[in-house]
Number of protein chains: 2
Amino acid sequence: MRVHVAFTPDEGSVAPTGVVVDVIRATSTICQALASGYERVYCAAEVEDARRLRDELDGVTLGGERLGLRIDGFDLGNSPAEYLEPRSSVVSMSTTNGTRAIVAAGELCERVLVASLLNLDAVVEAVRSHGEDVAVFCAGVKGAFALDDAYVAGRIAGLLGGERSDAAEAAVRLAASFGTAEEAFRQSRSGRNLINHGSELEADIPYCARESVLAVVPRLQRMRGVAAEIAL
Amino acid sequence: MRVHVAFTPDEGSVAPTGVVVDVIRATSTICQALASGYERVYCAAEVEDARRLRDELDGVTLGGERLGLRIDGFDLGNSPAEYLEPRSSVVSMSTTNGTRAIVAAGELCERVLVASLLNLDAVVEAVRSHGEDVAVFCAGVKGAFALDDAYVAGRIAGLLGGERSDAAEAAVRLAASFGTAEEAFRQSRSGRNLINHGSELEADIPYCARESVLAVVPRLQRMRGVAAEIAL
C-alpha cells in the first residue's frame, strides 16, 4: 500500500482511497455528530448554501461559525461537544476549509473517508480493509499548511505503514516530534485562534485531541449541489 | 521577522524576501557555478529555451539533465562537481522544478535568494541583513512535496529564528528529526533517484550535503524571456 499526504487540498493526489482531515474542528465535529446519532451531515463552504439546505430538507440543524462565533440564525456553532445530543436527523454545516478538502478528495478518489483523532483507529482499520493506495488530504487554512491537520495525517500514515511518499514520511516525523496531540494542536495556528477566543473554545482543543474514542467512519456519499453529503 | 515555508511552489506566500531551494540539485549547482567563477546562470524550464540562450549570447555553457542523463548536445549535466572550472562566463541551465520555484518567488517577493546547504550560513546572514519577513520556497518535484528541499528549508528557518508559520515550524521539526543532511537526502525521492542511477550520480548526495562551504548568495536579477537570470 502506498501512502501519500497532501498538506494542502491543491496538491491532491489521485488514489483509490482518500482520507480528509480538518481536525480543528470540522472533521472532529462531523465524526461526533454522526456518532451521536445524526444520520447525515452536509458540508457547504458558504453560509448561504448551508441555509438553503435547511429550506430544502426537513429536520435540519444548522451548524457553523465565522471567526469563532456562531453564525447569525444558526442553531449550533462548530464545537464537537455541541453535537452530543441530536436535535434532528440532518446537520447542515458551513465550513470553508473542510468542504474544499472533501470536494478535492472526491474528485480524485473512489472513496473518501472523514478522519479526526476521535476516530483514528476506526479510519486506519477502514483504510486497511480496502487494501488500496491512500492519500490523506489536509484541509489546511485558506489553502495553506496547517500544523494540526499535518499532525493527524502523520499519525494516520504512521499507523498504516506501507510505502510512504516524501510528504507522508515528513508527516510521520512531524507527528513524532510532539509529545502529545494536544501539544501539537496548541502550537498550531488553528489552536491558537481557539485559545485567543477564550476558555469556551479553548476547551475544544483537548476535546479534539482525544484518540480513538469513536468507532465511526464517516464517508462522502455524494454531492448535493455544492454541498458534500457525509454519512456512515 | 516572520518566517514562512512554502513546501510547493504553488502555495507561495507574499514576502519581501524569498529564498528558493532545489537542493538536489539545481540550486546546489547554481551556487557552485557562481562560486567557481561563472558570472551568470540562466535557468529555463524547457531544453529548447536553454538552447536558445546559447544562440543569443556569447560564451554560454549549456547544462542540464533529463532522467539523470546529460541532455543531447549539452556541455554539462546537473552535477555541481561539474561546475568547478568555468568554461565560459555564462551557464544556461535547463531545470524544470528549480525554474518554476524561482519564477514563482520572483512574482511574490521583492528579492529572491538562491539557497542550498553549500551556502547555508551565507544565505541566512543575507536574509538577516535585509531584516524583513521571509518565505522559503521549496521547488519540490513536479509540484509535489520533496523531503530534501523541506529539510533545507527547515535548516534555514531554524537558524533564522523569528516568528514561524505552521509550515516553518513543521520544517524545523522535520529537519531536527534527521541526524544528518545526507540521511535526509538519501531518504528523499530525489536522492533515491540519484542512487538508482549509479555511483557517479550518487556522489552528488554527499557533495550537496556539505554545509556552508561557499560564501556566495546568488540572487534573481531579472527575467530574460522565460529564463531567470541569476548572479551574485
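Above this note sits the structure.
An account of the accompanying structure is given in this report. (Residues numbered from 1 in each chain as written. Chains lettered and ligands numbered in written order. Predicted model: local features only at pLDDT ≥ 70, side-chain atom pairs only at ≥ 80, totals over all residues. Heavy atoms only, no water.)

## Considering the pattern of salt bridges
All names here are of chain A. With the rule as written, the count across this model stands at 38 salt bridges over all chains. With a closest N to O distance of 3.6 Å, R25 and E65 form a salt bridge. Residue R25 is located in the loop between β2 (15-21) and α1 (26-36), and its partner E65 is located in strand β4 (residues 60-66); the two are separated by 40 residues in the primary sequence. Comparing R25 with E65, the two get one shared label, buried. What you see here is one network of salt bridges that share partners, running through R25, E65 and D204. (Salt bridge = Lys/Arg side-chain N within 4 Å of Asp/Glu carboxyl O. Helix = DSSP H or I, 4+ residues; strand = E, 2+ residues; numbered from the N terminus. Buried < 20%, exposed > 50% of the residue type's maximum accessible area, 1.4 Å probe, protein only.)

## Details of the pairing of strand β11 (residues 227-231) of chain A
Residues and elements named next belong to chain A. Burial analysis of β11 places 5 of its 5 residues in the buried class, which makes it a mostly covered element. Judged from the 3 bridges that link them, strand β3 (residues 40-44) and β11 form a sheet pairing that is antiparallel. Across the sheet, C43 pairs through a bridge with A228, a residue of β11. In this sheet, β11 lies alongside strand β10 (residues 219-224) in antiparallel orientation, the contact comprising 5 bridges. For R224, the partnering residue across the bridge sits in β11 and is A227. Taking the residues between adjacent antiparallel strands as the criterion, β10 and β11 are bridged by 2 residues, where G225 takes a positive phi near 65°. (Pairing = 2+ DSSP bridges.)

## Concerning the interface of chain B and chain A
Contacts between chain B and chain A engage 20 residues on the former and 20 residues on the latter. Around 1600 Å² of area is buried between chain B and chain A when both sides are counted, 54% of it from carbon and sulfur atoms. Counting the surface chain B buries against chain A, the share from its top three residues, F145(B), D166(B) and R173(B), is 42%. Where chain B packs against chain A, one counts 2 salt bridges. The residue D166(A) makes a salt bridge to R192(B) at a minimum N-O spacing of 3.5 Å. One can count 12 residue pairs in polar contact (both at pLDDT 80 or more) joining chain B with chain A. (Contact = heavy atoms within 4.5 Å. Buried area = accessible area lost by both parts, 1.4 Å probe. Polar contact = N/O pair within 3.5 Å; in protein donor to acceptor, adjacent residues only side chain to side chain.)

## What about the side chain of S92(B)?
All names here are of chain B. With respect to the helices and strands, the residue S92 is situated in strand β6 (residues 90-94). S92 sits in the buried class, given a relative accessible area of 1%. Contact partners of S92, with chain neighbours within four places excluded, come to Y42, A50, L53, V60, T61, L62 and G63.

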